[in-house]
Amino acid sequence: MQHFWVHGVWIPVVAFLLGFQGDWPWTPAQRTGVTGFPVRSVDMQRATDNITIRQGDTAIIRCYVDDKVSKVAWLNRSNIIFAGEDKWSLDPRADLVTKGQLEYSLRIQKVDVYDEGPYTCSIQTKQQPKTSQVNLIVQVPANIYKVTEDLTVNEGANVTLSCLASGRPDPAINWRLLNPSAEPLDGEEYLDITGIMRNQAGRYECKASNDVATPDVKYVNVVVSYPPTIKKTQSSETPVGRVGTLQCDATAVPTPEFEWYRDDKRLSNAQGINIQIIGTNTLLMVANVTEEDYGNYTCVASNRLGVQNASVFLYRPGTGRDINGSVPASQSLWLLLVSFACLFLKC
């Protein structure tokens, strides 16, 4: 609060200004000889009001007057901004908006949160001093200032994602998993996921909004690691002299490594064997199949979390296995009937 020292007592500046009955000795009019503001009075229809403004915008706080006023001033709390046309504030963002002799409004450019608070248009009429007070409310758009970085976790782990935001008023925070359905999730600043599963991997969206501006949005990519699961195998019914192709598909994160075995021997790209690995799929191709090539092959998929294997068959036509390595249905039925017959005949 700015004060003057009068007779050994501190008194507010505004009381001094509005109580002084003569001309203001510090006004530009007296210093330059230019006529100052004519006598006016304020429009007091709305004595107290709120003005809401967004951070960074320009605020104009209105004060309307007529010809019955002898002195006018703008104050923020007890700090004088303008006394008449004389600017007391050192803030370059503040200036006056005047239209003829009827308006004495205060303009503040690039408003910030420290500008918030009461602003008073003080006047002196011939009868008594009057004031019109406006409370400036500064709103700040939502801003996410801290969010969990992208992470990789093992399936079954407990995960907490954080999203911290600021703004005035306080922003609401919402989460979504963008794939596949993008449905809202239960969580605000912190999103807790208990025993995360592989289908919960993906891109998580954090949105902070307070209706002041466009919501702020940040993303967290979550990778869920899990051991291999062999989803599909393809056996091959191949005549002698032709190319036999065995297939093995697995799902895993990280991407699995594949190996092929015949009995206990690991196979490699040699002696008519060609192994191809494409992502989560592997092919074993046997060129110019011979009788010795027929039999059981083992596909092994592994990553740092585990190992899984499956049997795949290369067999000659008509030996009783279909292309998926299983016994044909007709032969299975025949074997079942034989088993029942033996049971009753005690063979």
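Residues numbered from 1 in each chain as written. Predicted model: local features only at pLDDT ≥ 70, side-chain atom pairs only at ≥ 80, totals over all residues. Heavy atoms only, no water.

(A) Examining the sheet that holds strand β8 (residues 94–97) more closely. Strand order in the open sheet formed by three strands is β4-β9-β8, and the pairing between neighbours is antiparallel. Two strands in the sheet have a free side with no partner beyond their single neighbour: β4 (59–61) and β8. If you compare each strand with its neighbour and ignore which way they point, the axes differ by 25° on average. (Pairing = 2+ DSSP bridges. Helix = DSSP H or I, 4+ residues; strand = E, 2+ residues; numbered from the N terminus. Axes fitted to C-alpha atoms, helices over the stretch in contact; angles between N-to-C directions.)

(B) Just the packing of aromatic side chains, in detail. Under the defined criterion, the tally for this structure stands at zero aromatic pairs. For Arg203, the ring lying beneath its charged end belongs to Tyr219, and the centroid distance is 3.8 Å. (Phe/Tyr/Trp six-rings, centres within 6.5 Å; stacked < 30°, edge-to-face > 60°. Lys NZ or Arg CZ within 6 Å of the ring centre and 35° of its normal.)

(C) Representation of the nonpolar core. One finds Trp74, Leu106 and Tyr119 to be the most contacted residues of the largest nonpolar core, which totals 22 residues. Among the secondary structure elements, those contributing two or more residues to this core are β4, β5 (69–76), β6 (79–83), β8, β9 (105–108), β10 (117–125) and β11 (129–147). Excluding residues that lie within four positions of it along the chain, Tyr119 makes contacts with Ile61, Trp74, Leu75, Asn76, Ile81, Leu106, Ile108, Ser132, Gln133, Val134 and Leu136. (Core = buried A, V, L, I, M, F, W, Y, C linked by side-chain atoms within 4.5 Å. Buried < 20%, exposed > 50% of the residue type's maximum accessible area, 1.4 Å probe, protein only. Contact = heavy atoms within 4.5 Å.)

(D) A look at the sheet that holds strand β26 (residues 306–315). Pairing within the open sheet is mixed, and its five strands lie in the order β19-β26-β25-β21-β22. Edge positions in the open sheet fall to β19 (236–237) and β22 (265–266), since each of these has one partner strand only.

(E) Focus on the pattern of salt bridges. Under the criterion given, the structure shown has 11 salt bridges. The partner of Asp57 in a salt bridge is Arg54, with the nearest N and O atoms 3.4 Å apart. The salt bridge involving Glu259 is made with Arg266; its shortest N-O contact spans 3.4 Å. Relative accessible area serves as the criterion here: at 25%, Glu259 is assigned to the partly exposed category. If you follow the salt bridges from partner to partner, you end up with Asp91, Arg93 and Asp115 in one network. (Salt bridge = Lys/Arg side-chain N within 4 Å of Asp/Glu carboxyl O.)

(F) Structural context of the side chain of Ser162. One can find Ser162 in strand β13 (residues 159–168). Residue class for Ser162 comes out buried when judged on its relative accessible area of 15%. Ser162 has contacts with Lys146, Val147, Thr148, Trp175, Glu189 and Tyr190, leaving out every residue within four places of it along the chain.

(G) Inspection of the environment of Asp91 at higher detail. Here Asp91 lies in the loop between β7 (86–87) and β8. Between the C-alpha atoms of Asp91 and Ile81, which are 10 residues apart in sequence, the distance is 8.7 Å.

(H) Here's a closer look at the state of the cysteines. One pass over the full model with this rule turns up three disulfides. Here Cys63 pairs with Cys121 through a disulfide, and the sulfurs are 2.0 Å apart. The disulfide joining Cys63 to Cys121 has a torsion of about -65° about its S-S bond and is therefore left-handed. One end of the pair, Cys63, is in the loop between β4 and β5; the other, Cys121, is in strand β10, with 58 residues separating them in the sequence. The disulfide bridge from Cys163 ends at Cys206, spanning 1.8 Å between sulfur atoms. A torsion of -75° about the S-S bond marks the disulfide between Cys163 and Cys206 as left-handed. Here the residue Cys163 occupies a position in strand β13, and Cys206 occupies one in strand β17 (residues 202–209), the gap between them amounting to 43 residues. The burial state of Cys163 is the same as that of Cys206; both residues are buried. (Disulfide = S-S within 2.5 Å.)

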